[in-house]
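Read off the chains here:
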Amino acid sequence: LDYMESLLYCHCQSKLEPLDPSLKFRDAVLQTLLNMQTKTTKKLVFKYKDVKMKPHLQAMASQEVRGKGSKNVLIDRLFLSTFRALRNDGIIQLLNDSTDEYLLITREWVLEPFVRSEMEDALNVSKA
């Protein structure tokens, strides 16, 4: 999986989703988010609708739910359940529920800077 190192995440940690049993859709969402991350020089903050409206994800969601019931309802459910699972798994964080803004939690842009900051704070406290 291309995102394992950047996100410190793999299928073995994933909550299963009945609408996406092979996790192909989740992989596509994660790859899309990482592609968005490469286009910025800071932490990726994004809106749910910006990801949901990506044509390739809409097409993939449609393919995943084909033949399982009401297509539009299932596509919405697949997106919502995927985002819920990624929140529960600690890969994205809801920053603002009014604007539906999320943070992608990557090793390089979120985790390592946080750990460095904590270590510096601890060193400064011990020197005082």
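Everything in this summary refers to the structure shown in the same document.

Basis of the calculations
Residues numbered from 1 in each chain as written. Predicted model: local features only at pLDDT ≥ 70, side-chain atom pairs only at ≥ 80, totals over all residues. Heavy atoms only, no water. Patch = residues over 30% accessible without salt bridge, like charges linked within 9 Å, V, L, I, M, F, W, Y side chains within 5 Å. Areas by Shrake-Rupley, 256 points an atom, 1.4 Å probe, with all protein chains shown as cover. Salt bridge = Lys/Arg side-chain N within 4 Å of Asp/Glu carboxyl O. Helix = DSSP H or I, 4+ residues; strand = E, 2+ residues; numbered from the N terminus. Pairing = 2+ DSSP bridges. Axes fitted to C-alpha atoms, helices over the stretch in contact; angles between N-to-C directions. Contact = heavy atoms within 4.5 Å.

**Some words on a nonpolar patch on the surface**
So, step 1. Together, Phe114, Val115 and Met119 give the surface a local cluster of nonpolar side chains, amounting to about 310 Å² of exposed area.
So, step 2. Turning to its location among the elements, Met119 is positioned in helix 6 (residues 107–127).

**Notes on the sheet that holds strand 3 (residues 101–104)**
As a general point, the strands of a sheet are linked pairwise by backbone hydrogen bonds and lie either parallel or antiparallel.
So, step 1. Pairing is antiparallel across the open sheet formed by three strands, whose spatial order is 1-3-2. Here the strands that pair on one side only, and so sit at the sheet edges, are strand 1 (45–47) and strand 2 (92–96). On average, each strand axis in the sheet is inclined to that of its neighbour by 40°, with strand direction left out of account.
So, step 2. Pairing of strand 1 with strand 3, which is carried by three bridges, proceeds in the antiparallel orientation. Bridge pairing links Phe46 to Tyr102 in strand 3.
So, step 3. Against the sheet, helix 5 (residues 71–88) engages strand 1, strand 2 and strand 3, with an angle of about 100° to strand 2.

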